[in-house]
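Listed below, chain by chain, are the residues.
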Amino acid sequence: MPKQILSQFAACLGEDEDSTTATVGNSLYVRYGNDPLILKITCELGRATGELDASFQLIHPEHGPIDTASFVLTRSGGLTPALKQLAAYRAIWF
């Protein structure tokens, strides 16, 4: 299930012309154009059935992690709340 969610994030983020995406394990890495910052999205199975723990982390190649936001995705909530979280996070940093 985490890989399915990451695939959906990748599809949404891959629509941006200047973005480069790569999936490694349970993480999706996104870079925009010549910006050195990297957005790392991680999804892992949560403690409860039907839950995923998701996190967004902004990483600078020279300085390491700058900011992290995490939340729980539920099956009943679907991907829409996660995409809203992502839009807010991107609005702040990109």
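Presented here is a report on the structure given in the accompanying data block. Going along each chain's sequence as written, the residues are numbered from 1 onward. Local features in a predicted model are, by the rule used here, given only for residues with pLDDT of at least 70; side-chain atom pairs are given and counted only at 80 or more, and totals for whole chains, interfaces and linings are based on all residues. With hydrogens and water set aside, each side-chain value is computed from the structure's full complement of heavy atoms.

**Here we look at the overall build of the protein**
Thinking step 1. Helix numbers and strand numbers start at the N terminus; a helix is a DSSP run of H or I with at least 4 residues, a strand a run of E with at least 2. When helices and strands are counted, the protein shows two helices and five strands.
Thinking step 2. Counting from the amino terminus, helix and strand elements in the protein follow one another as α-β-β-β-β-β-α.
Thinking step 3. Put simply, the radius of gyration uses C-alpha atoms, and a globule should come to 2.2 Å times the residue count raised to 0.38. Here the C-alpha radius of gyration of the protein, 13 Å, is about what a compact globule of 94 residues would show, namely 12 Å.
Thinking step 4. Projecting the C-alpha coordinates of the protein onto the three principal axes gives extents of approximately 40 × 25 × 25 Å.

**Side note on the environment of Trp 93**
Thinking step 1. Secondary-structure assignment places Trp 93 in helix 2 (residues 80-93).
Thinking step 2. C-alpha separation for the pair Trp 93 and Val 30, spaced 63 residues apart in sequence, amounts to 13 Å.

**Describing the packing of aromatic side chains**
Thinking step 1. Any two of the Phe, Tyr and Trp rings considered here, Trp counted by its six-membered ring, make a pair once their centres fall within 6.5 Å; the pair's planes then place it as stacked at under 30 degrees, edge-to-face at over 60, or tilted in between. Inspection of every chain in the model, using the stated rule, returns two aromatic pairs.
Thinking step 2. Relative to Phe 56, the ring of Phe 9 lies with its centre 6.0 Å away and its plane at 85°, an arrangement referred to as edge-to-face. With a gap of 47 residues between them, Phe 9 in helix 1 (residues 2-13) and Phe 56 in strand 4 (residues 51-60) connect regions that are remote in the sequence. Each member of the pair Phe 9 and Phe 56 is classed as buried. Burial classification: accessible surface area is computed with a 1.4 Å probe over protein chains only, and a residue below 20% of its type maximum counts as buried, one above 50% as exposed, and the rest as partly exposed.

**Quick notes on the environment of Asp 53**
Thinking step 1. Secondary-structure assignment places Asp 53 in strand 4.
Thinking step 2. Residues Asp 53 and Ser 70, spaced 17 residues apart in sequence, show a C-alpha to C-alpha distance of 7.3 Å.
Thinking step 3. By definition, residues are in contact when any of their heavy atoms lie within 4.5 Å. In contact with Asp 53, other than residues within four places in its own chain, are Thr 42, Cys 43, Glu 44, Leu 45, Gly 46, Phe 71 and Val 72.

**Here we look at the nonpolar core**
Thinking step 1. Nonpolar core, defined: a set of buried Ala, Val, Leu, Ile, Met, Phe, Trp, Tyr and Cys residues in which side-chain atoms within 4.5 Å join the residues together. Phe 9, Leu 28, Ile 41 and Phe 56 are the most contacted members of the largest nonpolar core, which has 22 residues in total.
Thinking step 2. With near-sequence residues (within four places) excluded, Ile 41 lies in contact with Leu 6, Phe 9, Leu 13, Asn 26, Ser 27, Leu 28, Ser 55, Phe 56 and Leu 86.

**Some thoughts on helix 2**
Thinking step 1. Expected span, for any helix, means 1.5 Å times one less than how many residues it has. Here helix 2 is 14 residues long and its end C-alpha atoms lie 20 Å apart, about the 20 Å a rise of 1.5 Å per residue gives.
Thinking step 2. For helix 2, the set of buried residues is Ala 82, Leu 86 and Tyr 89. Buried positions in helix 2, seen along its axis, are confined to an arc of 65° and lie on one side of it. Facing away from the buried side of helix 2 by over 90 degrees, the exposed positions are Thr 80, Lys 84 and Ala 91. This arc corresponds to the set of directions leading from the helix axis out to the C-beta atoms.

**Focus on the sheet that holds strand 2 (residues 27-32)**
Thinking step 1. Any two strands between which DSSP finds at least two bridges are classified as paired. Reading across from one edge, 1-2-3-4-5 is the order of the five strands in this open sheet, with antiparallel pairing throughout. What marks the edges here is a single partner per strand, and that holds for strand 1 (19-24) and strand 5 (64-74). Looking at each pair of strands side by side, their axes are set apart by 15° on average, direction ignored.
Thinking step 2. Bridge count between strand 3 (residues 38-45) and strand 4: eight bridges; the pairing is antiparallel. Only the stretch in contact is used when a helix axis is fitted, and all axes are lines through C-alpha atoms; the angle between N-to-C directions ranges over 0 to 180 degrees.

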